[in-house]
Amino acid sequence: MKKRFLALLMAACMVIGLTGCQSGNSGNGGGSEAAESSETAAETKPEEDAGGAEDAGGKKEDITLTLAMCGDGTTKEALDNLLKMYTEKTGIKVESIFVASSWGEYCTKIQTMIGGGDELDCAIVAIEGISKFLDMGVAAPIDDWIAANQEIADAILADTSPAFQEIFKDDAGNTYAFPFSFNNVVMHFNMDRLKEANLELPGESWTKEEFLSYCEALTTEKDGIKQYAIAVPYGEYFCAEAWLYNNGASYMNEDFTESTINSPESVEIFQLWQDLIYKYGYAPVPEENVGAIDQIINGQVAMGSWGRWPTAQYVANDFKDVAVQYLPSFSQNQQIGGVDGIFTFNSSKHLEEAKELAAWMSQAEFAGAYLSTGNIPALHSLAEDKISSLGIPENCELFYLDSNTDIYKPVSAPPQFTECSNIVLTAISEICVNKADVQATLDEAAEQMNSVLAENK
Amino acid sequence: MKKKKMHDNISGYLFLAPALISFFLFIGLPVGLSAVLSFFKYNLINPAQFVGLDNIRHMFSDKGLLVAFGNTFKFLLILCPIHCGLGLILAFLVYKATRFQFFFRTVIYFPSIVTTASVAIAWGYIFSTDTGVINYFVRLFGGSNIPWLTDRTMVYVTIALFSFWKFIGTTFLYYFIGLQNIPNVYYEAASIDGASTVKTFFHITLPLLSPTIFFVLITNIVSVFQIFDEPYLLTNGGPGSSTKTIAFEIYQTAFQEMNIGYGATISFVLFLIILAITVIQYIGQNKWVVYDYE
């Protein structure tokens, strides 16, 4: 009898133990970011229990805001130091979470965190996710903050591109964030390769013919390994559309209701990429695990089209013989723009404080200290100062020259950005790697995109 | 007597409870939920919206999904024979080896314990067209670059090579244990009767190993249907959509595009396909699997 009782007891303990483990596991799920925000939840809860929100008389010292940033965390230390400054100033603590992924995946992660009930107060959101978050109604407008701090807001708005400001507004005219940083897309050159080919940096209005002659001159062989002229924008939704813009094409129309990826102008550019690889042999066949920025640094390719973000790698690799120029004008020179801003979320329990933090981060004090080698600061005066003081790449003023004008055409970023991005990148891969027929592939892509965009009509 | 039986039953159920609870929480409940979610449009943020059979209807017109099913079946035809066949040959050879058996076992099993993501990145560099180590040697011996990861046919060869190297250890281990469990008396009897190695293999080893072969076959088919790591890490589903598999499609739909309802529909259909194949195999085993040999 005793044995049987013991067996029963042990079995009961095992069951309780197992179910206990399960609840513990589920609480820790979702990686370190989830764990961090759980801690935040734990930290903020006592304050609410002890007398409600801080606006009802709580202390600001008790508030901890959670801020999500996109990046691999290499700038986390710098960010946290700046946020400590903010804490010293305001008494509000800020915890930062870095999500290491592309912008599209980052937005998905933020969506998962909000959906999963993580307490997220602020997050940097790039153009890729803006309409998605506005569409889902998770972002909080900052018009009340602007009205209460008109002078500061006016200073920010006067120094940033009106084209970028529009991106942060909904159809009703509500504003959700200030532009924080942005990128245009320019052609980067390995100047050593240009010197070896006796070439100068091309002029700002260089044409397709000039571009092809540069490609011809820059395709060589060194130590038995082929040295290519150009890397096609593989896996780069943003950079690839910059090429289309310069030929009067785009992935979709301006109200995101219909795909235009199979227009003749668009087909011409996709065909050019395929020809650069297979017809002329000027570009390597793109591969998933080969970084084109590394290739321009080591000289395996001479040209590549990106925004300002490769400068971080240039600096890390002490690569200084680099210059930039606008993309070739196939039919026009239309600069593309992709911008990000600090959003606050409706679900925040400290919405006012979150808006204050977002606004502080959008001003020169924070942006000037945080943004150095990567994105271009959205504040024109700051961009001019930071970019020219870094000194590389040559001709770097292209990054900020027009940054307080409305010259930029934003990259196509509908609420269904991830779906459209997957379709475009698959089409680029089919054309550039699988040598698929360009028109047929783009017709197929347009059909898929139209079915996705149908809900915007 | 009745009370004793009742006590025995309760303790039996209590001992089963941990496994049953785990099964319910981590398998039964998700399968049930995915079946329910199949009828909804849901993005984690906005409330789930009932869409009836829309997701199922969409599935039949989804060309991308059709490609993913085709690619998965290609992987099934390539990887299953490799894992089930070569795993058996390797296990048999190592089992018969009189020297360095420990060394061979370690070498074959070692890749299985290494994180797939880390080695896949290394393999990506090794197979790179212009800068990869393999093509360096190919060029050194006068050949030209092989498009390991940039050709829609060669990419299957590359993934098969990687999959063989990375995962063969598991099937090898199953077979090796299976071989060790075959009673020696059968081999002794065969030896006395003068049976050759080949005859012994086909008339003793294979039939007595059939329960292990059956197990390996089922687990391999299930895992190939769920193949994700290799194409995701080595090719990101490319070139184009050449290596996009069903699991990859589910990941993209549910976790990138946040179309949870449609992702659930695809995963539930995948569950039904795997279930059907397993049931067919289970019924068919009566004809070739030998359990009663001791």
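Residues numbered from 1 in each chain as written. Chains lettered and ligands numbered in written order. Predicted model: local features only at pLDDT ≥ 70, side-chain atom pairs only at ≥ 80, totals over all residues. Heavy atoms only, no water.

**Q** Got a sec to walk through the domain arrangement of chain A? Specific residues and values, please.
**A** All names here are of chain A. Here the domain parsing of chain A yields domain 1 (60-183 + 338-390) and domain 2 (186-337 + 399-456). In this structure, domain 1 and domain 2 have C-alpha centres spaced 28 Å apart. In this assembly, 30 residues from domain 1 lie in contact with 24 residues from domain 2. Roughly 2200 Å² is buried in total at the junction of domain 1 and domain 2, and carbon and sulfur atoms are behind 64% of that figure. If you sort the residues of domain 1 by the area they bury against domain 2, Glu128, Asn183 and His380 come out on top, with a joint share of 23%. Joining domain 1 to domain 2, the criterion identifies 11 residue pairs in polar contact (both at pLDDT 80 or more). (Domains from an automatic or database assignment. Contact = heavy atoms within 4.5 Å. Buried area = accessible area lost by both parts, 1.4 Å probe. Polar contact = N/O pair within 3.5 Å; in protein donor to acceptor, adjacent residues only side chain to side chain.)

**Q** How would you explain the packing of aromatic side chains if you had to name every residue and give the values?
**A** A ring pair, where both rings are aromatic, is described by two values, the distance of the centres and the angle of the planes. Taken as a whole and assessed by the stated rule, the structure comprises 46 aromatic pairs over all chains. Note on Phe228 of chain B and Tyr232 of chain B: the rings are 4.9 Å apart at their centroids and 15° apart in plane angle, and the pair reads as stacked. Three or more aromatic residues joined by ring pairs form one cluster here, namely Phe189, Trp206, Phe211, Tyr214, Trp243, Phe270, Trp273 and Phe330 of chain A. Over the ring of Tyr245 of chain A we find Lys409 of chain A, and its NZ or CZ is 4.5 Å from the ring centre. Seen from the ring of Tyr187 of chain B, Lys96 of chain B lies directly overhead, with NZ or CZ sitting 5.1 Å from the centre. (Phe/Tyr/Trp six-rings, centres within 6.5 Å; stacked < 30°, edge-to-face > 60°. Lys NZ or Arg CZ within 6 Å of the ring centre and 35° of its normal.)

**Q** Give a description of the side chain of Asn246 of chain A that names residues and reports values.
**A** Residues and elements named next belong to chain A. Along the chain, Asn246 falls in the loop between helix H11 (237-245) and helix H12 (264-279). At 2.9 Å, the side chain of Asn246 and the backbone nitrogen of Gln334 are in polar contact. What Asn246 contacts, discounting residues up to four positions off in sequence, is Leu327, Pro328, Ser329, Phe330, Ser331, Gln332, Asn333 and Gln334. (Helix = DSSP H or I, 4+ residues; strand = E, 2+ residues; numbered from the N terminus.)

**Q** Which residues make up the environment of Pro30 of chain B, and what values do they have?
**A** Residues and elements named next belong to chain B. Mapped onto the elements of the fold, Pro30 is located in helix H1 (residues 2-37). Judged by relative accessible area, Pro30 falls into the partly exposed class, the value being 38%. Separated by 175 residues in sequence, Pro30 and Thr205 place their C-alpha atoms 40 Å apart. Contacts of Pro30, omitting those with residues within four sequence positions, involve Phe24 and Leu25. (Buried < 20%, exposed > 50% of the residue type's maximum accessible area, 1.4 Å probe, protein only.)

**Q** Explain the environment of Leu442 of chain A residue by residue, including any values.
**A** Residue and element names in this part refer to chain A. By the element assignment, Leu442 lies in helix H19 (residues 438-453). Between the C-alpha atoms of Leu442 and Gln332, which are 110 residues apart in sequence, the distance is 22 Å. Every residue in contact with Leu442, bar those within four places of it in the chain, is listed here: Ile261, Asn262, Ser266, Val267, Phe270, Ala427 and Ile431.

**Q** Report on the interface of chain A and chain B, specifying residues and quantitative values.
**A** Listed per partner, the contact involves 40 residues of chain A and 46 residues of chain B. Of the roughly 3500 Å² buried between chain A and chain B, counting both surfaces, carbon and sulfur atoms make up 55%. For the pair chain A and chain B, the number of links is two salt bridges. Where Glu455 of chain A meets Lys41 of chain B, a salt bridge forms, and the shortest distance between an N and an O atom there is 3.8 Å. Put simply, chain A and chain B have 15 residue pairs in polar contact (both at pLDDT 80 or more) between them. (Salt bridge = Lys/Arg side-chain N within 4 Å of Asp/Glu carboxyl O.)

**Q** Explain the sheet that holds strand S7 (residues 225-231) of chain A to me, and be specific about the residues and the numbers.
**A** All names here are of chain A. One open sheet holds the five strands; their spatial order is S6-S7-S8-S5-S9, and the pairing between them is mixed. Among the strands making up the open sheet, the edge pair consists of strand S6 (220-222) and strand S9 (322-325). For this sheet, the mean angle separating the axes of adjacent strands, direction not counted, is 30°. Both strand S5 (residues 186-190) and S9 contribute to a ladder of four bridges, which runs antiparallel. Bridge pairing in S9 links His188 to Val324. The strands touched by helix H10 (residues 208-218) within the sheet are S5, S6, S7 and strand S8 (301-306), with S7 carrying the most contacts at an inclination of about 165°. (Pairing = 2+ DSSP bridges. Axes fitted to C-alpha atoms, helices over the stretch in contact; angles between N-to-C directions.)

**Q** How would you summarise helix H17 (residues 380-390) of chain A if you had to cite specific residues and measurements?
**A** All names here are of chain A. When we look at burial in H17, the residues that qualify are His380, Leu382, Ala383 and Ile387. Considered in projection along H17, the buried side chains sweep an arc of 150° and stay on one side of the axis. Against helix H16 (364-370) and strand S11 (376-377) lie the buried residues of H17. Where H17 terminates, the next one or two residues include Gly391, which has phi positive at roughly 85°. (Arc of directions from axis to C-beta.)

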